[in-house]
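Structural description and commentary
The primary structure of each chain is shown beneath.
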Amino acid sequence: MGMHAYFKSLSDLEKIYRCPGKFKYEEHSVAEHSFKVTKIAQFLGTVEELNGNEVNWKALYEKALNHDYSEIFIGDIKTPVKYADPDLRERLAHVEETMTHHFIEEEIPEQFRAIYYDRLKEGKDGTLEGKILSVADKVDLLYESFGEIQKGNPERLFTEIYQESLDTILEFKELASVQYFLTEILPDLLSGEFTNQEELEKLSEKILKRHKIEQTFALDE
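What you are looking at is a predicted structure, and each value in this text was computed from that prediction instead of being measured.

Our focus in this paragraph is the overall build of the protein. Per the secondary structure count, the protein includes 11 helices and zero strands. What you see in the protein, going N to C, is helices and strands ordered as α-α-α-α-α-α-α-α-α-α-α. Scaling as 2.2 N^0.38, a compact globule of 221 residues should have a C-alpha radius of gyration of about 17 Å, and the protein matches this with 18 Å. Across its three principal directions, the C-alpha atoms of the protein cover 65 × 45 × 30 Å. Taking all 221 residues of the protein together, 46% fall into the buried category.

What follows is the structure, encoded as structure tokens:
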């Protein structure tokens, strides 16, 4: 028993690829995703802070870095599958939590266990930091799916993931960082020329309207 097992497990996260079983032009590991989510969360937290909101940076960084560690035990479950059935999602979360707790009990030295129970628990909660994590996680997923759509991947799954990601981001539209994402970042993402551009612009506008946000991405002629 010791931290060796935990350190060794971090390399395993480099070998767990997201959205398994589908053709992809570019693979993304859980380790890469965790790094990107942390960088995105850092920026979103900065926007919140500049808008007068107090950010607990220690909590935010720990939530972002550790949010998918439990996937080491059951792998990555495709987003549409995970969210299709609330009961399935709850049961998967329970399995992840149980296996994470077992790992901590078996491998983490006793004096650190309480710390790692807290660090490796579900980080998406009602705190500002938990909300930022929820948004950052979906921003990276949106970019991953967009990258496949942009390259012409024919799998409809990536359009579904894009839609689900944007829908979830908009559930937090009250956040200053989400407003910044919508007005400054999303239009840039949809600019330029790529496969299915018009379809993706219309889909994005439809999702925004459903959330009562009027915004158009049509490019100037």
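On to the side chain of K63, then. Mapped onto the elements of the fold, K63 is located in helix α3 (residues 57–66). Judged by relative accessible area, which is 15%, K63 ranks as buried. Within the structure, the side chain of K63 is placed 3.0 Å from the backbone oxygen of G123, a separation counted as a polar contact.

Taken as a whole, the second largest pocket spans an internal volume of roughly 240 Å³. Lining the second largest pocket are 13 residues, and of these Y6, L10, S34, L65 and N66 sit closest to its centre. Only α1 (3–12), α2 (30–50), α3 and α7 (110–119) provide two or more residues apiece to the lining of the second largest pocket. With four residues, α3 is the single largest residue contributor to the lining of the second largest pocket. When its residues are assigned to classes, the lining of the second largest pocket shows nine nonpolar, two polar and two charged.

Formed by 40 residues in total, the largest nonpolar core has its most connected members in V135, Y162, L166, L182, L186, L190 and L200. At the level of secondary structure, the elements contributing two or more residues to this core comprise α2, α3, α8 (128–150), α9 (157–170), α10 (176–190) and α11 (197–210). Setting aside anything within four residues of it in sequence, one finds L200 in contact with F146, I149, Y162, L190 and F194. With 13 residues, the next largest nonpolar core counts L13, I108, Y116 and L120 among its residues.

What follows covers the pattern of salt bridges. Throughout the structure, instances matching the rule amount to 16 salt bridges. For the salt bridge of D118 with K121, the shortest nitrogen-to-oxygen distance reads 3.0 Å. Two residues, K202 and E198, come together in a salt bridge whose shortest N-O distance is 3.1 Å. Of the two residues, K202 and E198 are both situated in helix α11; the distance of four residues between them amounts to about one turn of the helix.

Topologically, T100 is positioned in helix α6 (residues 86–107). By relative accessible area, T100 is classed as buried at 4%. Ignoring any residue separated from it by four or fewer positions in sequence, one finds T100 in contact with S70, F73 and L120.

Take the environment of N196 next. Its location among the elements puts N196 in the loop between α10 and α11. A sequence separation of 52 residues divides N196 from E144, and the C-alpha atoms of the two residues are 16 Å apart.

What follows deals with the packing of aromatic side chains. Per the counting criterion, the structure on display carries 10 aromatic pairs. Consider the rings of Y6 and Y69, whose centres lie 5.5 Å apart with planes at 45°: the pair is tilted. Here Y6 is found in helix α1, whereas its partner Y69 is found in the loop between α3 and α4 (71–74), with 63 residues between them in sequence. Y69 carries the same exposure label as Y6, and that label is buried. Between Y69 and F103, the aromatic rings sit 6.2 Å apart at their centres with planes inclined by 50°, giving tilted as the arrangement. Linking Y69 in the loop between α3 and α4 with F103 in helix α6, this pair joins segments that are 34 residues apart in sequence.

Attention now goes to α6. Its 22 residues give α6 an end-to-end C-alpha distance of 31 Å, which sits within 8% of 32 Å, the value for a rise of 1.5 Å per residue. Within α6 the residues assigned to the buried category are L92, E96, T100, F103 and I104. In an axial view of α6, the angular spread of the buried residues amounts to 105°, which keeps them on one side of the axis. In this structure, α6 carries E90 and H94 as exposed residues pointing more than 90 degrees from its buried face.

Scoring rules and cut-offs
- Residues numbered from 1 in each chain as written.
- Predicted model: local features only at pLDDT ≥ 70, side-chain atom pairs only at ≥ 80, totals over all residues.
- Heavy atoms only, no water.
- Helix = DSSP H or I, 4+ residues; strand = E, 2+ residues; numbered from the N terminus.
- Rg over C-alpha atoms; globule rule 2.2 N^0.38 Å.
- Buried < 20%, exposed > 50% of the residue type's maximum accessible area, 1.4 Å probe, protein only.
- Polar contact = N/O pair within 3.5 Å; in protein donor to acceptor, adjacent residues only side chain to side chain.
- 1 Å grid on protein atoms, 1.4 Å probe; cavity = no way out; pocket = protein on both sides within 12 Å on 5 of 7 lines; lining within 4 Å.
- Points joined across faces, edges and corners; volume = space filled by probe spheres on them.
- Nonpolar A, V, L, I, M, F, W, Y, C, P; charged D, E, K, R; others polar.
- Core = buried A, V, L, I, M, F, W, Y, C linked by side-chain atoms within 4.5 Å.
- Contact = heavy atoms within 4.5 Å.
- Salt bridge = Lys/Arg side-chain N within 4 Å of Asp/Glu carboxyl O.
- Phe/Tyr/Trp six-rings, centres within 6.5 Å; stacked < 30°, edge-to-face > 60°.
- Expected span 1.5 Å × (residues − 1).
- Arc of directions from axis to C-beta.

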